[in-house]
Amino acid sequence: MLFGNINNLNDRRRPGQSSNWTPEDLESGLRREKTIGGQYEVTQSGSNPWKFNGNFSLNHTSQDDETFTDRTNFLPGGNTYNYTFNNLRNRNLNFNTFHSTHKQTRRIFFSAKVSGRINRSDYRQSVVSGTFADRQESVTRQWLADIYATGSEATLSSIINRSIQTDSMRNNLWSVNGDASITYKFSQNPDNMYIWVKGGYTGQTPDRYNDQRINFGSSPAAERTMQIFRNHPAHEYYIKPIFSYCYNFSDNGNIQPEYTFTYTHRRNDSRLFNPEDPAADMTFDAPMSLDQANSYYQLDKTLTHTVGFRSSQVFRGDGHFWRIMLGPTLGFNTQHLDYTQAGQAIRKTRHSMQFTDSWTEVKYGFGAYSNRWGGKDYRNMLILKFESQAQMPDMRYLVDIPNTSDPLTILLGAPSLKNQHDLQWKLRYELTPQNGRIMEAAQIYYRLLTNALVRGYSYDTRTGVRTIRSYNTSGNWETGAMNSFMLPLDKARKLTLAATSEVKYGHATDVIGTDDVAPAPFTVRNLVGSQRLRLTWGAAEWLNLTGKANLQLRHTSSERPDFSNIDAFDANYGVVATVKFTKNFSLSTDMTLFTRNGYDTPVMNNSDWVWNARLAYTFDRGRWTLMLDGFDLLRQLNSVQYAVNAQGRTVRYVNTLPRFFLFHAQYKINIMPKKRK
């Protein structure tokens, strides 16, 4: 089968679809895409079935983004305010292919997969950015670009830095990944043995040039930095064999020990060049001199042995059951780094041991009843689960050699970082009665990060330069509760109410300092409560209506005395309808009012009506379907993204595709082969 597609959309919505979509989920920028490809499948049935299938595609995408970011930096001595305008042009050419096969005999199941990718990318961006000691109003790209010529005395006294930057990168990437597995079932017992081998290789040649002009304070004299980065050879490969054996010690229990060996090899040569003639135009081929202080050679090798097991045991009683599942995994890691920068050669080896990808789950079901398939279901289910994950620090972050290639960002190392541990506990209750009159689920959880790996920084309030390094922090945790139910309101079950209530409270801790205050942990507290309601009425075969309301309250606070609390309220209300005028002609539509209030950025406090609609007509006994979609018919949609953490508050505005119409034509063809005589 061959397929092709040409469009200029980056929107996956469908008019008349009932979902929890909000404008924050809108993909950014204007996107154009062209795709051509094909797929195939060969099968053989019988006592030893066999299958071989695959696909390939050639895809070209063009994306143009215009982004404005308004960021407040939370600092001990008082906040600073950054405004960034970024125009990005990105072009990508991708070739992807995937092939798989599997074969099954009486005792052996074999499968293999291989995938490949070739990518050529070219992006260019133009950035204008400014940082101020005081909040600025009505900021535009042109205002920021001309600020030293037209700015007022108050504005120039508040400005910390202004940067105008042109950035470009081109990259060729190629990768191949594969895996093969075999499962053998023993004839003498119900046990089986499993072997799985995975591996992959990725290589790339990213070249980048950067031309940046920076003004510090009120001085109109800019410092210019021109650089070319040649980050190759850059390649990575890995191999990961897995061995396991499943022993069934009873009809209701089994244990499966497992051993995994993982080896990862990553090399990256990054050479930074500065132009010999600073007044010359910037090109990849211009005469350059090597910047030894910020060029480096890096070779990472990671070897991990993991041993563990998975076990399941079921205990059945009169109308109830217990199921206990265990999955502990212990990892033994060796990380090795060879690193050279600024004439210094560093060799580091790091050993660690931790439980990773481990879990324990206990289920208790009671109130048994017979289902339609003759088995047992349970009216009530209690589930208690514990999960543990671990993350090792990047070895590059342990190298304490400064990197000053970015004039506004200095990178330092931290030689004694620890592994991060992510621990999570969940308790869940599910109600599923036999008559299905109501379905309910409730859950509480607690998540704790110990030795959390964060990229903290010290901020120079006079220049806006950040000095960044990694830290281990404590105090990152989150807890929450959720309850959802679905309830038919009439005997015919045409009117149904669904609701979900949720509350979350957590502490986000980072490390922040200034030129006057040493870096120290800083915590932001977030409390979020939400309520989702949905009322669906299947009035008739030709009419279906849904009313929806989603509410969210957000409270952000901190122990810092000068921190301004944020109390924000988001809501959306709407209706979704599907109307069949005739057997072949239908209308699907949705209209929603999105509102935001309580934000300290005025443009966030607004209300937008979003209306989408689809007309569909089917003919020729269902072979042909014609559809006309209309998106954002009132032209009020805006893409605004909001985030708060311990380092700051960020509001991001992205250009979106305005009101548009889309026409579809679908033809279904089904050819059945003649039966062999």
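In what follows, the structure referred to is the one given above.
Residues numbered from 1 in each chain as written. Predicted model: local features only at pLDDT ≥ 70, side-chain atom pairs only at ≥ 80, totals over all residues. Heavy atoms only, no water.

Draft legend 1. Structural view of the overall build of the chain. Along the backbone of the chain there are three helices and 35 strands. Viewed in the frame of its principal axes, the chain has a C-alpha envelope of about 85 × 60 × 60 Å. Across the 677 residues that make up the chain, the buried fraction comes to 42%. For the chain, the proportion of contacts with a sequence separation of at least 24, taken over those separated by at least 6, is 66%. Of the roughly 36200 Å² of accessible surface on the chain, a fraction of 55% belongs to carbon and sulfur atoms. (Helix = DSSP H or I, 4+ residues; strand = E, 2+ residues; numbered from the N terminus. Buried < 20%, exposed > 50% of the residue type's maximum accessible area, 1.4 Å probe, protein only. Contact = heavy atoms within 4.5 Å. Areas by Shrake-Rupley, 256 points an atom, 1.4 Å probe, with all protein chains shown as cover.)

Draft legend 2. Looking closely at the environment of N73. Mapped onto the elements, N73 comes out in strand β3 (residues 50-73). A sequence separation of 576 residues divides N73 from R649, and the C-alpha atoms of the two residues are 6.8 Å apart. Look past the residues within four positions of N73 in its chain and what remains in contact with it is N79, T80, N82, Y457, Y459, R466 and Q647. Among the polar contacts listed, one links the side chain of N73 to the side chain of R71, at a separation of 2.9 Å. (Polar contact = N/O pair within 3.5 Å; in protein donor to acceptor, adjacent residues only side chain to side chain.)

Draft legend 3. Inspection of the layout of surface pockets at higher detail. A volume near 1100 Å³ is recorded for the largest pocket. With five residues, the single largest contributor to the lining of the largest pocket is strand β6 (residues 159-185). The residue inventory of the lining of the largest pocket, partitioned by class, reads 14 nonpolar, 25 polar and nine charged. (1 Å grid on protein atoms, 1.4 Å probe; cavity = no way out; pocket = protein on both sides within 12 Å on 5 of 7 lines; lining within 4 Å. Points joined across faces, edges and corners; volume = space filled by probe spheres on them. Nonpolar A, V, L, I, M, F, W, Y, C, P; charged D, E, K, R; others polar.)

Draft legend 4. How the structure looks around unusual backbone geometry. In the segment running from H232 into P233, the intervening peptide bond is cis, with an omega of 5 degrees. Positive phi outside glycine occurs at R621, with the angle close to 55 degrees. Residue classification places R621 among the exposed residues on the basis of a relative accessible area of 75%.

Draft legend 5. The packing of aromatic side chains, seen in detail. Counted by the stated rule, this structure contains 27 aromatic pairs. Taken together, a centroid distance of 5.8 Å and an interplanar angle of 35 degrees make the contact between Y40 and F52 tilted. Pair noted here: Y40 is in strand β2 (residues 30-44) and F52 is in strand β3, with a separation of 12 residues, a long-range link. Judged by its relative accessible area of 31%, Y40 is partly exposed. For the pair F68 and Y653, a centre-to-centre distance of 5.4 Å together with 10 degrees between the ring planes defines the contact as stacked. (Phe/Tyr/Trp six-rings, centres within 6.5 Å; stacked < 30°, edge-to-face > 60°.)

Draft legend 6. Structural detail: a nonpolar patch on the surface. Taken together, the side chains of F581, F585, L615, Y617, F619, W624, L628, F661, F663 and Y667 make up a nonpolar region of the molecular surface, amounting to roughly 990 Å² of accessible area. Secondary structure elements with two or more residues in the nonpolar patch: β31 (607-619), β32 (624-631) and β35 (660-667). With respect to the secondary-structure elements, W624 resides in strand β32. Given the relative accessible area of 31%, W624 is considered partly exposed. (Patch = residues over 30% accessible without salt bridge, like charges linked within 9 Å, V, L, I, M, F, W, Y side chains within 5 Å. Salt bridge = Lys/Arg side-chain N within 4 Å of Asp/Glu carboxyl O.)

Draft legend 7. Representation of the pattern of salt bridges. In the structure shown here, the tally under the stated rule is 23 salt bridges. Between R32 and D64 there is a salt bridge whose closest N-O contact spans 2.4 Å. A residue pair is termed long-range when its members are at least 10 positions apart, and R32 in strand β2 and D64 in strand β3 qualify at 32 residues. Residue classification places D64 among the partly exposed residues on the basis of a relative accessible area of 23%. The closest approach of N and O atoms between D460 and R462, which form a salt bridge, is 3.9 Å. Under the relative-accessibility criterion, D460 is labelled partly exposed at 22%. The network of salt bridges with common partners includes R32, D64 and R91.

Draft legend 8. Fine view of the nonpolar core. Among the nonpolar cores identified, the biggest contains 32 residues, and F522, M604 and Y642 are the most heavily contacted of them. Those residues in contact with M604, other than ones at most four positions away along the chain, are R596, Y599, V640, Y642, V651 and Y653. One finds Y339, L398, V399 and A414 within the second-largest nonpolar core, a separate group that totals nine residues. (Core = buried A, V, L, I, M, F, W, Y, C linked by side-chain atoms within 4.5 Å.)

Draft legend 9. Just the pairing of strand β15 (residues 329-341), in detail. Alignment of strand β13 (residues 296-316) against β15, held across 13 bridges, turns out to be antiparallel. Considered in β15, the bridge of H305 is made with F332. In this sheet, strand β16 (residues 344-355) lies alongside β15 in antiparallel orientation, the contact comprising 12 bridges. Considered in β16, the bridge of Q341 is made with Q344. Linking β15 back to β16 in an antiparallel pair, the connection comprises two residues, with A342 at a positive phi of about 55 degrees. (Pairing = 2+ DSSP bridges.)

Draft legend 10. The side chain of D191, seen in detail. Following the sequence through the fold, D191 ends up in the loop between β6 and β7 (192-204). No salt bridge is formed by the buried D191; the nearest opposite charge belongs to K185, separated by 12 Å. Within the structure, D191 has its side chain in polar contact with the side chain of Y245 (distance 3.0 Å). (Lys, Arg positive; Asp, Glu negative; His and termini not counted.)

Draft legend 11. Region of the structure containing the pairing of strand β23 (residues 452-459). Note that β23 and strand β24 (residues 466-473) share eight bridges and pair antiparallel. If you follow R455 over to β24, its bridge partner there is S470. Linking β23 back to β24 in an antiparallel pair, the connection comprises six residues, with G464 at a positive phi of about 80 degrees. Relative to strand β26 (residues 495-514), β23 is paired through three bridges, and the arrangement is parallel.

Draft legend 12. Broad picture of the environment of P561. Summarising the element assignment, P561 is placed in the loop between β28 (543-558) and β29 (566-580). Taking the relative accessible area as the measure of exposure, P561 reaches 83% and is therefore exposed. Sequence separation between P561 and D167 is 394 residues, and the spatial gap between their C-alpha atoms is 39 Å.

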